[in-house]
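Summary of the model geometry
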Amino acid sequence: MPGLVSVKTPADGTPLRISVPETPSQRSEANRTPRKPPSPSPSRSKKKNPQTPPPLSDASLDNPDLGPFLLKLARDTIASGDGPAKALDFAIRASKSFERCAPEAQPSLDLAMSLHVLAAIYCSLSRFDEAVPVLQRAIQVPDVSRGPDHALAAFSGYMQLGDTFSMLGHVDKSISSYHQGLQIQIQALGDTDPRVAETCRYLAEANVQAMQFDKAEELCKKTLEIHRAHSEPASLEEAADRRLMALICEAKGDYESALEHLVLASMAMVANGQDNEVASIDVSIGNIYMSLCRFDEAIFSYQKALTVFKSSKGENHPSVASVFVRLADLYHRTGKLRESKSYCENALRIYSKPVPGTTAEEIAGGLTEVSAVFESVDEPEEALKLLGRAMKLLEDKPGQQSSIAGIEARMGVMYYMVGKYEESRNSFESAVAKLRASGERKSAFFGVVLNQMGLACVQLFKIDEAAELFEEARGILEQECGPCHQDTLGVYSNLAATYDAMGRVGDAIEILEYVLKLREEKLGIANPDFEDEKRRLAELLKEAGKTRDRKAKSLENLIDPGSKRTKKEGTKRWPGLGFRI
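All of these numbers come straight from a predicted model, not from anything done at the bench. (Residues numbered from 1 in each chain as written. Predicted model: local features only at pLDDT ≥ 70, side-chain atom pairs only at ≥ 80, totals over all residues. Heavy atoms only, no water.)

What follows covers the packing of helix α11 (residues 275-291) against helix α12 (residues 295-313). Packed helix pairs are specified by the crossing angle of their axes together with the interaxial distance, meaning the distance between the axes. Running from N to C, α11 and α12 cross one another at 155°; their axes reach a closest spacing of 8 Å. In terms of their interaxial angle, α11 and α12 are classed as roughly antiparallel. Regarding α11 and α12, the two cross each other, and that crossing is left-handed. Contact residues: α11 offers Asp275, Asn276, Ala279, Ser280, Asp282, Val283, Ile285, Gly286, Asn287, Tyr289 and Met290, while α12 offers Phe295, Glu297, Ala298, Ser301, Tyr302, Lys304, Ala305, Val308, Phe309, Ser312 and Lys313. The residue inventory of the contact of α11 with α12, partitioned by class, reads eleven nonpolar, six polar and five charged. (Axes fitted to C-alpha atoms, helices over the stretch in contact; angles between N-to-C directions. Helix = DSSP H or I, 4+ residues; strand = E, 2+ residues; numbered from the N terminus. Parallel < 35°, antiparallel > 145°, perpendicular 65-115°, else oblique. Left-handed = near helix turned anticlockwise from the far one by under 90°. Contact = heavy atoms within 4.5 Å. Nonpolar A, V, L, I, M, F, W, Y, C, P; charged D, E, K, R; others polar.)

Another point: the pattern of salt bridges. As enumerated under the stated definition, the model contains 24 salt bridges in all. With a closest N to O distance of 3.5 Å, Arg333 and Asp329 form a salt bridge. Of this pair, Arg333 and Asp329 both sit in helix α13 (residues 318-333), four residues apart, which is roughly one turn of that helix. You can call Asp329 buried: its relative accessible area is 11%. The shortest N-O distance in the salt bridge between Glu375 and Arg410 comes to 3.1 Å. In this pair, Glu375 sits in helix α15 (residues 360-376) while Arg410 sits in helix α17 (residues 401-417), placing the two residues 35 residues apart along the sequence. Like Glu375, the residue Arg410 is buried in the burial classification. Connected through salt bridges with shared partners, the residues Asp214, Glu217, Lys221 and Lys252 form a single ionic network. (Salt bridge = Lys/Arg side-chain N within 4 Å of Asp/Glu carboxyl O. Buried < 20%, exposed > 50% of the residue type's maximum accessible area, 1.4 Å probe, protein only.)

The next thing to look at is the packing of aromatic side chains. Overall, the coordinates contain five aromatic pairs when judged by the stated rule. Arranged with centres 5.7 Å apart and planes meeting at 35°, the rings of Phe324 and Tyr343 form a pair that is tilted. Here Phe324, found in helix α13, pairs with Tyr343, found in helix α14 (residues 337-352); they are 19 residues apart in sequence, far enough to count as distant. Comparing Phe324 with Tyr343 shows no difference in burial state: the two are buried. A centroid spacing of 5.6 Å and a plane angle of 85° characterise the contact between Tyr492 and Tyr514, whose relative ring orientation is edge-to-face. With Tyr492 in helix α21 (residues 486-501) and Tyr514 in helix α22 (residues 505-523), this residue pair connects regions lying 22 residues apart in the sequence. Of the residues examined, Tyr514 reaches a relative accessible area of 36% and is grouped as partly exposed. (Phe/Tyr/Trp six-rings, centres within 6.5 Å; stacked < 30°, edge-to-face > 60°.)

Attention shifts here to the nonpolar core. Formed by 160 residues in total, the largest nonpolar core has its most connected members in Tyr302, Tyr351 and Val370. For this core, the element with the highest residue contribution is helix α19 (residues 444-459), accounting for eleven residues. Once residues within four sequence positions are removed from consideration, Tyr351 is found in contact with Pro318, Ala321, Ser322, Val325, Glu362, Ile363, Gly366, Leu367, Glu369 and Val370. (Core = buried A, V, L, I, M, F, W, Y, C linked by side-chain atoms within 4.5 Å.)

Along the polypeptide, Ser280 turns up in helix α11. On a C-alpha basis, the gap between Ser280 and Tyr302 in space is 9.4 Å, while along the polypeptide they are 22 residues apart. Filtering out sequence-adjacent residues up to four positions away, Ser280 remains in contact with Arg243 and Phe309.

Okay, the UniProt feature "repeat: TPR" (unreviewed entry) in the chain next. What UniProt calls "repeat: TPR" (unreviewed entry) maps, in this numbering, to residues 279-312. Along residues 279-312 one finds 91% helix and 0% strand; the C-alpha atoms at either end are 10 Å apart. (UniProt positions renumbered as here; feature names shortened; annotations may be inferred.)

Listed as buried for helix α4 (residues 128-138) are Phe128, Ala131, Val132, Val134, Leu135 and Ala138. Its buried side turned inward, α4 meets α3 (109-124) and α5 (148-168).

Set out below in structure tokens:
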């Protein structure tokens, strides 16, 4: 029985890729119906370029031999280097021919596969919007109940559709397509097949990108269980699963569990002689040690990785620069500013003159990391320059909308810190639009961005807009983080202040009473914010007893005085997520 195989994420590559299928169908040779040679047949002479057929009338598309012939021409055109534009015409005509010649009331696998090829060519031309309806048509063709061949065609279609949505930045639709593909694969192979594990890990990676860490953890655990059952102890597959699990645990703040997974993954890589992978894991271990404030152990891990990267990849490789950035951050945290600045300069030197083969995504990621160090040393202007360079590198890259949104959000924070509130609001507005389009409107990260945009609007005296943003942020953070989370409490306070400025004293009082009740019953009253909120509530109650039609107070006094402090503390709350509030 042919297997349903998911696309593995290539090492050191973009996670989601699309490739042109190599065969028109995945049916076994035993199930193939003997077919006459295509007519007209391509020339048998040795030519580099495929023969271009004459223009075809609509009636000629009814020839059952034409579809396979045109599909072969499309593949030969791509293989010969003539370019996808010419192959696109062949693929369109092939799909039309297969559709016309398909038996009535019977699904045609040849039609499904030709549509897959057509969609892949559209994607190679960066015409992703046109590929989507083609793939949506392709997944409607197979009938999964007819056996594994149809299941494979449906599975492949859903996975390719998910990749295409990902390149368009539609993360929620991408994950939904992957999930439907996974269900078909499980139905055909069972839920313990190793190929199911590969798809589970692929889907887990997509959930990590969408910051849906609970779902990603569930999928990764399933992947790990399947690989442990089917692979040798300390296998490469198990090591890859544990690295992903460590990333998820780190994002959730469970550093001890993350460290345990990384140590086990490192042992597996050592057993398999994967020195470069061991070095990459050492960097991740150093990150965990730094989060735990175990700085000496972090330095040791970073230096180990640095030695391996320099000897195996060269001193000007981006991997070396990434370790420099982490050492710069570490030395800044420990007060060694001279060493921190030196490592930043070394990293920027590498990113300014990258070695051949370095991708724009690698350089942009490195510049973003360096900007975070400049941000932490209170040099926002330099951080803004680096973020601007990073964003320019990603502007024309498909599938990078979420990354650009993260950069814009950080630029919004930087502009806010230097008092450029209009630029701050514009950056946040652009980031919010991209995050909405990509399906991340329900993530905690999105809620935090809305809160910061609201603060920028307050500084511009756009109070009604600020109130709408704080209200939306409150709903998201209550759902994703809970009412007692520090970010949620910050939004409560900002919303109460905004209501007060709008003259909605009753609503402001209701929010502050709710916050004080939370602190008294669940969080304790030792927090210094408790006394401040208690004082603000007492003032509102006193003034509300006099009159509700009072003159609005100055916004400078109404907005949460701890909001600036929250941004400083927020650098600890979002490790590894590319954004610090």
